[in-house]
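Examining the three-dimensional arrangement
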Amino acid sequence: MGRSWSGATMAAVAVVMCCMAVVEAYVYTVGESYGWVVGPNYTAWGFSKSFKVGDYLVFDYSSEYSVDEVFENDYNTCNVDHPISSDKSGSTAFNLVAPGPRYFICGVSDLCKKGMKLVANVTT
Ligand SMILES: *[C@@H]1O[C@H](CO)[C@@H](O)[C@H](O)[C@H]1NC(C)=O
């Protein structure tokens, strides 16, 4: 474990910061300090944001949870049987590449029904 970042790392960070600023991409951490857990109202959280094409959505969560991107019907019914994608790595990022709604639920047992569901309405 190095104590300071190498020049190459700093250069890479500078490039990332530069170019994100140019396209004005915003990185949203779902639930902010709460992360992705049972408890917060993610419907309300999602409605309070203006997601733009090019922004990122990052889910941070512990090993008891997962993040599934699903179709609208499965979002509405909390059906975890055929997600578009599924991850339980603990940190999952989505690039919001196109306008329109994106649907996310927790794929673990009935946690979607307990509120772990988010719709991100992405606009240009
Ligand atoms: C979450 O927030 C939405 C939008 O404000 C609201 O309609 C819904 O009733 C809330 N759900 C709970 C469980 O409080």
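Provided above is the structure to which this section pertains.
Procedures and definitions
- Note on numbering: residues in each chain are counted from 1, in written sequence order.
- Under the rules for a predicted model, residues below a pLDDT of 70 receive no local features and side-chain atom pairs below 80 are neither given nor counted, while totals for whole chains, interfaces and linings still include all residues.
- Only hydrogens and water are removed before side-chain values are computed, so all heavy atoms of the structure are retained for them.
- Residue burial is assigned from relative accessible area. The probe radius is 1.4 Å, only protein chains are included, and a residue is buried under 20% of its type maximum, exposed over 50%, and partly exposed in between.
- What counts as a helix is a DSSP run of H or I of at least four residues, what counts as a strand is a run of E of at least two, and both are numbered from the N terminus.
- Two strands make a pair as long as DSSP finds a minimum of two bridges between them.
- Residue contacts are counted whenever heavy atoms from the two residues lie within 4.5 Å of one another.
- A pair is scored as a salt bridge if a Lys or Arg side-chain nitrogen falls within 4 Å of a carboxyl oxygen belonging to Asp or Glu.

With respect to the pairing of strand β4 (residues 67–70)
Residues Val 67 and Glu 69 of β4 are buried on one face, and the alternating residues Asp 68 and Val 70, pointing to the opposite face, are buried as well. Where β4 and strand β5 (residues 85–87) come together, three bridges link them in antiparallel fashion. By the bridge assignment, Val 67 is partnered in β5 with Asp 87. One ladder, built from three bridges, connects β4 with strand β7 (residues 100–105); its direction is antiparallel. Across the sheet, the residue bridging to Glu 69 is Phe 104, located in β7.

Points about the environment of Lys 52
Residue placement: Lys 52 occurs in strand β2 (residues 51–52). Sequence separation between Lys 52 and Glu 24 is 28 residues; the distance between their C-alpha atoms is 9.4 Å. Once residues lying within four places of it in the same chain are set aside, the contact partners of Lys 52 are Leu 96, Val 122, Thr 123 and Thr 124.

Looking at the pattern of salt bridges
What the rule picks out here adds up to three salt bridges. For Glu 32, the salt bridge identified is with Lys 49, shortest N-O distance 3.2 Å. With Glu 32 in the loop between β1 (27–29) and α2 (42–47) and Lys 49 in the loop between α2 and β2, this residue pair connects regions lying 17 residues apart in the sequence. Note on Glu 32: relative accessible area 43%, which makes it partly exposed. Between Glu 69 and Arg 102 there is a salt bridge, with its nearest N and O atoms 2.5 Å apart. One end of the pair, Glu 69, is in strand β4; the other, Arg 102, is in strand β7, with 33 residues separating them in the sequence. The pair Glu 69 / Arg 102 is uniform in exposure class, with both members buried.

Nothing here speaks to function; it is all geometry.
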